[in-house]
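# Residue-level structure breakdown
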Amino acid sequence: MHIRSFKVLPRIPERLKPLQEMAFNMWFSWNWEAVRLFSRLDIEIWNRSYQNPVYMLGLISQERLDAVLKDDSFLASMDRVYADFRRYLEANTWFDQTHGKAKNNVVAYFSAEYGVDEGLPIYSGGLGILSGDHLKSASDLGIPLVAVGLLYRQGYFQQYLNRDGWQQEFYPENDWYNMPVHLERDAGGDPLRVVVEMAGHNVTAQIWRVQVGRVPLYLLDTNIPENAALDRVITAQLYGGDRDMRIRQEILLGIGGIRALAALGIEPAVCHMNEGHSAFLALERMRHFMQVHKLSYEAARELVWTSNVFTTHTPVPAGNERFDSDLICHYLTEYAKDFGLSCEAFLGLGRENPQNSHESFCMTVLALKSAAHCNGVSQLHGAVSRRMWKNIWPGVPEKEIPISAITNGTHIRSFLSHDMADLFDRYLGPRFVEEPMAHEVWQRVNNIPDAELWRTHERRRERLVAFTRRRLRRQLERHGAPSSEMAFADEVLDPRALTIGFARRFATYKRSTLLLQDPDRLARILNDPDRPVQLLFAGKAHPADRPGKELIRKLIHFSRDERFRHSIVFLEDYDINVARYLVQGADVWLNTPRRPLEASGTSGMKAAANGAINLSILDGWWDEGYTPEVGWAIGSGEEYSDTEAQDAIEGCALYDLLEKEVIPLFYPHQIRNGLPRGWIAKMKASMSTLAPLFNAHRMVAEYTERFYLPAGLSYEKLKADGFTAANHLAAWHEKIRRHWGELRIENVHVETEGDLKVGAQLAISADLELGPLQPGDVSVELYYGPLDSEGHLTEASAIVEMERTQSADDGSVTFMGNIPCDQSGRYGFAVRVLPKCEDLIHRYEPNLILWE
């Protein structure tokens, strides 16, 4: 049977065309007035379309559209919202005002998932939400950024539970022709396509675009007739399939993504790899410069390394993608030949130790080696990452491993309730929208009358309870529950009770059931008639994570205990929509990871901006955000080798906090005018302190000024004059690597004798044999600091670069340096040598450090 396709478009009257234009820009998703405008068309259809305005406009009747044409109030609202939309797109932005001269250096942001809005389901959880927030803030700030990802036909799974509480997965098909995506076309009107070779045959992908404010998000799609059946499903499911499927997805994302940008006429100055899934892009950028601009492998590597940014997101081994050597060679042996590399040499790019043939190929390692700018996503995670990946740079002290930290943030307007946004409009003014990272703006939270803030929050808690009851009723209907249970759903939870929210991926290290370990004590806490408490849980386990699924099952069985039926609820199918209700309506946001396995976490940031108070282990962002004024810490940042002991200790600490601090503050003995003043003061302290710091505008501005702009300048410098600087740097590096083994620290002399007084200088000289290298090629340094009880110098307090003083007839060179003696105590020092060149972003490269 031969089927011919055709497309039917909604017939939108000319006067209403602004609705269609706004529907195809995700700007609407973080602008409440736009959301309210679409919902006014038909609230039932808006909800049925799951807040997807493109789908909604296709469902709405022609009669309703004709009626709207006669509604002056609606038309006036539409014109006002559309004017705001156009003003937004054309406004002078933060980037224009501060860094306008760099506007032509485009940043390409790569991620395996994007959580822009619930109506575009191509995300699974925190990584995707962060990626979506990154694009929204880049748009708000005017960063010259484009994004690249994959268009998953089935996205991530939808979750439902069977009667036993075991997670089941359902993969609905996404209908792209009723979603806010455009198919990119060439000058002839045909779909724009790219080809990627995989294991000896070609895979073709077409390119779709999602407009996120000012930022275009390009998504690759292999579900086209020209591809074989096995290739059409490469973009079927996010994080689905076996290892073979995952490597094909990551080849498509990295290699195909760079080719897609080239097909679109975009040559990025900087590429940002958000997690290691897209790390193959570094190789494709090199291949491009080698083939198009005839650069050598070494020169192409210098250019790409200096202009790549990599963000690692997890200290959990499963989060760092690894592939067996056979799989890499199967798919990439021919590709490696483009670089003049054997398969074994190619494998070394993804190994901590390139000579270890037993080590698997790690995408995180490839990304770390391919980017001059690398970071973790909180200060604690940066330190954990340096410890985790230090073997890539043998000999480099852990503190100096070239992985810094930029703490995550959240796009506040995407998760702020409209009630709170209206309150902020009145008391914070428009700058909270324009400059959400301005501390002085958020201090105005203290001007909000306690009564107004509390009544606003109470309305949102009531809305959360109503949403939970509707959702729970649908869950029970799907299970075929009896009428008695259906009636129970209408009475679950108390809209006036202290409400604790816990929503995140169900993985064992996140310890979602920590609060359940003493059922009797928990029952006393939850069922106090004078001070009731209730718990709301939501989250998905990865389809292959049986321990994570068992946690959900345990929680469901626990909640069926008669003591907890009215006060513990698990909401199925956690997504952006559910998250909004939870972070807006919860009083307390609970997080119980096993430190230090939470890289950052952002749900607590969303909750804080909405007035919820965080109760968390000191891990991820909370390790730097916590003070006693803004929330509660479980423990003091301890790390345990005995996990059972850890759970017992921290579980008990959590119960103690609830009983002695959290609940008494929410239900004070004396309450004036129905307001818990102490609680409201903590809400205000939390919002005014945390919101300006842990928001995505601050995060993206930090990426821009610390990474994007310096990387773009380096790219332009190395590229200028026919890549002269890139070729020169490659030649210098080749000389350094070839002769590094000939370097010798021959003698080290302490010129100052005896004990020293505070304020003195310890003079030291070192004689070096440089071989063919020049003194300007190296930095000779004094690495010094206090010694521990065993005489070890574990961490330098300072580093002093030594200066060349003379060259001897035998070819040795003498360097001199002084150590200032600022404090009394026992100290030690060592002499070391590193490469030195003004064109280097940093001087740390694997196996290029020499200690005496």
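What you see is a predicted model; the values in this text were computed from it and never measured.

About the thresholds
- Residues numbered from 1 in each chain as written.
- Predicted model: local features only at pLDDT ≥ 70, side-chain atom pairs only at ≥ 80, totals over all residues.
- Heavy atoms only, no water.
- Helix = DSSP H or I, 4+ residues; strand = E, 2+ residues; numbered from the N terminus.
- Rg over C-alpha atoms; globule rule 2.2 N^0.38 Å.
- Buried < 20%, exposed > 50% of the residue type's maximum accessible area, 1.4 Å probe, protein only.
- Contact = heavy atoms within 4.5 Å.
- Areas by Shrake-Rupley, 256 points an atom, 1.4 Å probe, with all protein chains shown as cover.
- Lys, Arg positive; Asp, Glu negative; His and termini not counted.
- Charge placed at Lys NZ, Arg CZ, Asp CG, Glu CD.
- Phe/Tyr/Trp six-rings, centres within 6.5 Å; stacked < 30°, edge-to-face > 60°.
- Lys NZ or Arg CZ within 6 Å of the ring centre and 35° of its normal.
- Core = buried A, V, L, I, M, F, W, Y, C linked by side-chain atoms within 4.5 Å.

### Points about the overall build of the protein chain
Looking only at helices and strands, the protein chain features 30 helices and 28 strands. Taken against the 2.2 N^0.38 rule, which gives 29 Å for 852 residues, the C-alpha radius of gyration of the protein chain at 29 Å falls within 12% of a compact globule. Along the longest, intermediate and shortest principal axes, the C-alpha atoms of the protein chain span 95 × 70 × 50 Å. Buried positions account for 58% of the 852 residues belonging to the protein chain. Contacts in the protein chain between residues far apart in sequence, at least 24 positions, make up 72% of those at least 6 positions apart. As presented, the protein chain carries roughly 34400 Å² of accessible surface, and 49% of it is formed by carbon and sulfur atoms. Distance between charge centroids for the protein chain: 6 Å, based on 93 positive and 114 negative side chains.

### Considering the packing of aromatic side chains
Evaluation of the coordinates by the stated rule reveals 35 aromatic pairs. Aromatic pair Phe467 and Tyr581: ring centres 3.9 Å apart, planes at 5 degrees, arrangement stacked. Linking Phe467 in helix α21 (residues 450–479) with Tyr581 in helix α25 (residues 576–585), this pair joins segments that are 114 residues apart in sequence. Overall, the relative accessible area of 5% leaves Phe467 in the buried class. Accessibility expressed as a relative area gives 22% for Tyr581, which makes it partly exposed. Counting every residue linked through ring pairs, the aromatic cluster contains Trp27, Trp30, Tyr82, Phe85 and Tyr88. Over the aromatic face of Phe502 sits the side chain of Arg504, whose NZ or CZ is 4.6 Å from the ring centroid.

### Here's the deal with the environment of Gly155
Tracing the chain through its elements places Gly155 in the loop between β2 (145–150) and β3 (158–161). What makes Gly155 buried here is its relative accessible area of 0%. In sequence terms Gly155 and Ile122 are 33 residues apart; their C-alpha atoms lie 4.7 Å from each other. Setting aside chain neighbours within four positions, we find Gly155 in contact with Pro121, Tyr171, Asn174, Ala236, Gln237 and Leu238.

### Quick look at the nonpolar core
One recurring pattern in soluble globular proteins is that nonpolar side chains are buried together. Counting residues in hydrophobic clusters, the biggest one holds 178 residues, and the most contacted among them are Phe280, Phe346 and Tyr708. Here this core takes 18 residues from helix α30 (residues 696–739), the largest share from any one element. Those residues within four positions of Phe280 in sequence are excluded, and the remaining contacts are Ile247, Glu250, Ile251, Gly254, Ile255, Ile328, Leu332, Phe361, Met363 and Leu366. Leu453, Leu515, Ile634 and Phe666 belong to the second largest nonpolar core, which has 61 residues in total.

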